[in-house]
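Single-letter residue listing:
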Amino acid sequence: MTNVTSLSPLCNKMTDLYLLFILAASQGSHPQTVYVSQIPAVNSPAGSSVTLRCSYTLSEEATSPGWYKWYRHVTGGPEVSDNNPDYKGRTERPSQSDFSSKRSADIVLHRVNLTDTGMYICYVAFNYEKLSGYGNGTFLTVTAAVTEKSSRARIICVKVGAAVFIISILVLVYCCYIRQAERNLVK
């Protein structure tokens, strides 16, 4: 027969584990308050303008106007704005009314160059940053712009290559014809 006093420490440990389980479950059950969505990847030719898309939804109403920032490479990294010399005069943001009504936190980068290639992360905040969230990031790939001059050079290279190929085939056919004719003469 089991002694009641010997079960008491076991019950205390079970109660402690149960409370710990409840505490852990309740910690993970609080929903994120701002859900931020970004397109995973965007490609753009050098010299053009590109829009990095960012939208958000709120799980509860904000009591103050919101705002947003874009970061390069990592959260809290270099800010993508006119305050950063790398982007001065090259960024465009939607109006505050579009941010609020359309839930748009997009940013437009003008005159992108190869060094702009990288990860861009959107951050949206409300209520003095009590409601905030980061997007998963958009990887921007900037490709070398195709100029008219390089396009003409490619066309010329293709035409020359095709001509060399056709001439090579004709020479090969002629050589085969001559060889066959010589064999017929020998017989």
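Once a new chain begins, its residue numbering starts again from 1 and follows that chain's sequence as written. Note on the predicted model: pLDDT of at least 70 is required for a residue's local features to be given, and 80 or more for side-chain atom pairs to be given and counted; whole-chain, interface and lining totals, by contrast, use all residues. Excluded from the side-chain calculations are hydrogens and water; all other atoms, namely the structure's heavy atoms, are used.

### Observations concerning the state of the cysteines
The disulfide definition used here is simple: a pair of cysteine sulfur atoms within 2.5 Å. Counted by the stated rule, this structure contains one disulfide. Covalent S-S linkage joins Cys54 and Cys122, the inter-sulfur distance amounting to 2.1 Å. Classification of the bridge connecting Cys54 and Cys122 rests on its S-S torsion, roughly -80°, and on that basis the disulfide is left-handed. A residue pair is termed long-range when its members are at least 10 positions apart, and Cys54 in strand E4 (residues 54-58) and Cys122 in strand E8 (residues 118-126) qualify at 68 residues. Of the two residues examined, Cys54 and Cys122, each falls in the buried class. Note on conventions: DSSP H or I runs of at least 4 residues are helices, E runs of at least 2 residues are strands, and numbering of each starts at the N terminus. Buried, partly exposed and exposed residues are distinguished by accessible area as a fraction of the type maximum, computed with a 1.4 Å probe on protein chains only: under 20%, between the cut-offs, and over 50%, respectively.

### Focus: the environment of Ala46
Checked against the element boundaries, Ala46 lands in the loop between strand E2 (41-45) and strand E3 (50-52). Residue classification places Ala46 among the partly exposed residues on the basis of a relative accessible area of 23%. With 71 residues separating them along the chain, Ala46 and Thr117 place their C-alpha atoms 9.9 Å apart. Two residues qualify as a contact provided that any one of their heavy atoms is within 4.5 Å of a heavy atom in the partner residue. Leave out the neighbours within four places in its chain, and Ala46 touches Val112, Asn113, Val142, Thr143, Ala144 and Ala145.

### Some details on the packing of aromatic side chains
Aromatic pairs are defined between Phe, Tyr and Trp rings, using the six-membered ring for Trp, whenever the two ring centres lie within 6.5 Å; interplanar angles under 30 degrees are classed as stacked, those over 60 as edge-to-face, and all others as tilted. Taken as a whole, this structure holds six aromatic pairs when the rule is applied. Where Tyr56 meets Phe126, the ring centres are 5.5 Å apart and the plane angle is 50°; that geometry is what we call tilted. In this pair, Tyr56 is assigned in strand E4 and Phe126 in strand E8, connecting sequence segments 70 residues apart. In this structure, Tyr56 and Phe126 share a single accessibility class: buried. Between Trp67 and Tyr123, the aromatic rings sit 5.6 Å apart at their centres with planes inclined by 65°, giving edge-to-face as the arrangement. Of this pair, Trp67 sits in strand E5 (residues 67-72) while Tyr123 is found in strand E8, placing the two residues 56 residues apart along the sequence. With relative accessibility at 29%, the residue Trp67 sits in the partly exposed group. Among the aromatic residues, those joined into a cluster by ring pairs are Tyr56, Tyr68, Phe99 and Phe126.

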